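# Geometric and topological summary
Chain residues, written in single-letter form:
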Amino acid sequence: MDIGECPKIHDNALRADFEKAQQKFDYYYDVDATEHLQAFISDCDRRTEAARKRLLETQEELTAEVAEKANAVHELAEKIGQTLAKAEELGAQGLVDESLKLMGEIEELRKKKSEAEDTYRNSMPVSSYQQQKLRVCDVCSAYLGIHDNDRRLADHFGGKLHLGFIKIREKLTELEKNYEERHEARRKFDEQERVKRDDKRSYRSRSKDRNDRHRRSRSRSRHSRHRTRSRSRSRSHKHDRRDRDRRRY
């Protein structure tokens, strides 16, 4: 998807450092990851629902019976595309026997799809059948056509976008198993950290007040000593002046 480049740094060495640090201190990044993926999948599901609504508004509404037959064609076509993508993947990995076995299953699916298409075609007017009937992929929200060929479907189900959404949904399902427990643990941890920060700020504030009082006390003490010395000098100066006056007379 065109969502821009990831702002994070992807480095295997940094990953190893994180895994080592995670053993000593829990950063609860799995909670952040769960919430991020939940938002991502929720956005995809909203797009899927919006696409379905648009199709209902733009495409000719089918009767329940015809819609069921159309869905049967869609499901078989999607299964063919998924199986073909899997067979190509196994072939690329050198697993020829497994790949050939799947190709045999594809031939059987094609026969069933052809029969389903004939049933669907005979259940509605030719003009309506010629219209492109679309369906929204539940995994990645892409449009799929009922007349798409096997190659087009294989490219979709074996494509990076579709496989990426499968991986995201699987990872999200895995993370959500412990999400509530981990989320509560992080909430308690954040609360403890907040109390520590408040205590630290309170301690600093008390220390600052003590220092301020001490500085004011020292300032008053210096001022008092200065006044005492000033009075003492003044009295001494008066006595000296009297002594000089006496000697003069």
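What counts, and where the lines are drawn
- Residues numbered from 1 in each chain as written.
- Predicted model: local features only at pLDDT ≥ 70, side-chain atom pairs only at ≥ 80, totals over all residues.
- Heavy atoms only, no water.
- Helix = DSSP H or I, 4+ residues; strand = E, 2+ residues; numbered from the N terminus.
- Buried < 20%, exposed > 50% of the residue type's maximum accessible area, 1.4 Å probe, protein only.
- Areas by Shrake-Rupley, 256 points an atom, 1.4 Å probe, with all protein chains shown as cover.
- Disulfide = S-S within 2.5 Å.
- Patch = residues over 30% accessible without salt bridge, like charges linked within 9 Å, V, L, I, M, F, W, Y side chains within 5 Å.
- Salt bridge = Lys/Arg side-chain N within 4 Å of Asp/Glu carboxyl O.
- Lys, Arg positive; Asp, Glu negative; His and termini not counted.
- Charge placed at Lys NZ, Arg CZ, Asp CG, Glu CD.
- Core = buried A, V, L, I, M, F, W, Y, C linked by side-chain atoms within 4.5 Å.

## What about the overall build of the chain?
From N to C terminus, the chain includes eight helices and two strands. By the burial criterion, 24% of the 249 residues in the chain qualify as buried. Of the accessible surface of the chain, which amounts to about 18,800 Å², a share of 49% is contributed by carbon and sulfur atoms.

## Brief notes about the state of the cysteines
Scanning the model with the defined rule gives zero disulfides in all. Cys-140 forms no disulfide, and the closest cysteine sulfur to it belongs to Cys-137, at a distance of 3.8 Å.

## What about unusual backbone geometry?
Residue Tyr-28 is not a glycine yet carries a positive backbone phi of 55°. With respect to the helices and strands, the residue Tyr-28 is situated in the loop between helix H1 (12–22) and helix H2 (29–58). Of note in this structure, Ser-141 is not a glycine but carries a positive phi near 70°. Mapped onto the fold, Ser-141 is located in the loop between strand E1 (134–136) and strand E2 (143–145).

## Things to note about a positive patch on the surface
On the surface, a cluster of positive charge is contributed by Arg-206, Arg-210, Arg-213 and Arg-216. On the secondary structure map, Arg-213 appears in helix H8 (residues 179–248). What makes Arg-213 partly exposed here is its relative accessible area of 46%.

## Section: the pattern of salt bridges
Evaluated as defined, the whole model comprises 18 salt bridges. For Arg-169, the salt bridge goes to Asp-45, with nearest N and O atoms at 2.9 Å. Residue Arg-169 is found in helix H7 (residues 160–176), and its partner Asp-45 is found in helix H2; the two are separated by 124 residues along the sequence. Relative accessible area serves as the criterion here: at 22%, Arg-169 is assigned to the partly exposed category. With a relative accessible area of 36%, Asp-45 lands in the partly exposed category. Connected through shared salt-bridge partners, Asp-26, Asp-30 and Arg-182 make up one network.

## Comments concerning the nonpolar core
Counting 13 residues, the largest nonpolar core has Leu-37, Ile-41, Leu-144, Leu-153 and Phe-165 as the members making the most contacts within it. Those elements that place two or more of their residues in this core are H2, helix H6 (150–157) and H7. In this structure, Leu-76, Leu-84, Ile-106 and Ala-154 belong to the second largest nonpolar core, which totals eleven residues.

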